[in-house]
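# Structural features, examined
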Amino acid sequence: QVQLVESGGGLVQPGGSLRLSCIASGISAVLRMGWYRQAPGKERELVAAITGGGSTYYADFVKGRFTISRDNTKNTVYLQMNSLSPEDTAIYYCLIEELRGAVPRTYWGQGTQVTASS
C-alpha cells in the first residue's frame, strides 16, 4: 500500500517562505517525484519535478523562487518556496510515479494548503 503524507503548508505574508515535505511509504522503484498545485477554479498545474537521478524541472512561474529536492534514503521530496506571493496561494499536492511490475503508476498526496496573503 502506497501512502504519501504531506506537511509544511500554512499562512504566510507575501515575501515569506515555506518548505513542503512529502514522505512516501510502500513504494518500489521511483521514476519521478513532483509537486503540483491547484487554486480554486483553476486547473491543477505542475510546479516542479525531480527524477531519481536528480534532474529537476520547474514551471516558469516559480523559477528562481522554488527549489525541489529529495532524500532517496527516506523517500521524501521537499519543495522550498521563497518569495511567496498571493498568486502562489493554492493546495499543493505531492506526486510520485513508480514502476511496479513493469507498470508505471501514479500516486498523489492528500494536499497541503499554502496561503500567501497580507
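## Let's talk about the pairing of strand 11 (residues 112–116)
Where burial is concerned, the two faces of strand 11 differ: the one with Thr112, Val114 and Ala116 is buried and the one with Gln113 and Thr115 is not. Both strand 2 (residues 10–12) and strand 11 contribute to a ladder of three bridges, which runs parallel. Following the sheet pairing, Gly10 is matched in strand 11 by Val114. Strand direction decides the pairing type here: strand 9 (residues 90–100) and strand 11, joined by three bridges, are antiparallel. In the sheet register, Ile91 faces strand 11, and the bridge partner there is Gln113.

## A word on unusual backbone geometry
Notably, Asn75 is not glycine yet its phi reads approximately 50°, a positive angle. In this structure, Asn75 sits in the loop between strand 7 (66–71) and strand 8 (76–81). Residue Asn75 is classed as partly exposed on the basis of its relative accessible area, which comes to 24%. Phi at Ser83 takes a positive value of approximately 50°, unusual for a residue other than glycine. Within the secondary structure, Ser83 sits in the loop between strand 8 and strand 9. Residue Ser83 is classed as partly exposed on the basis of its relative accessible area, which comes to 42%.

## A short note on the pairing of strand 7
As paired strands, strand 7 and strand 8 are joined by six bridges and run antiparallel to one another. Of the residues in strand 8, the one forming a bridge with Arg70 is Val77. In sequence, strand 7 turns back onto strand 8 through a hairpin of four residues, with Asn75 there showing a positive phi of about 50°.

## Regarding the nonpolar core
Core analysis: the biggest nonpolar cluster contains 27 residues, and Trp35, Val47, Phe66, Val77, Leu79, Met81 and Tyr92 have the highest contact counts within it. Secondary-structure elements contributing two or more residues to this core are strand 3 (18–25), strand 4 (29–38), strand 5 (45–51), strand 7, strand 8, strand 9 and strand 11. With residues up to four places along the chain from it excluded, the contact list for Val47 reads Trp35, Tyr36, Arg37, Tyr57, Tyr58, Ala59, Val62, Phe66, Leu79 and Tyr92.

## Some points on the side chain of Arg37
Along the polypeptide, Arg37 turns up in strand 4. What makes Arg37 buried here is its relative accessible area of 6%. In contact with Arg37, other than residues within four places in its own chain, are Glu43, Arg44, Glu45, Val47, Phe61, Val62, Phe66, Glu87, Asp88, Ala90, Ile91 and Tyr92.

About the criteria used
Residues numbered from 1 in each chain as written. Predicted model: local features only at pLDDT ≥ 70, side-chain atom pairs only at ≥ 80, totals over all residues. Heavy atoms only, no water. Buried < 20%, exposed > 50% of the residue type's maximum accessible area, 1.4 Å probe, protein only. Helix = DSSP H or I, 4+ residues; strand = E, 2+ residues; numbered from the N terminus. Pairing = 2+ DSSP bridges. Core = buried A, V, L, I, M, F, W, Y, C linked by side-chain atoms within 4.5 Å. Contact = heavy atoms within 4.5 Å.

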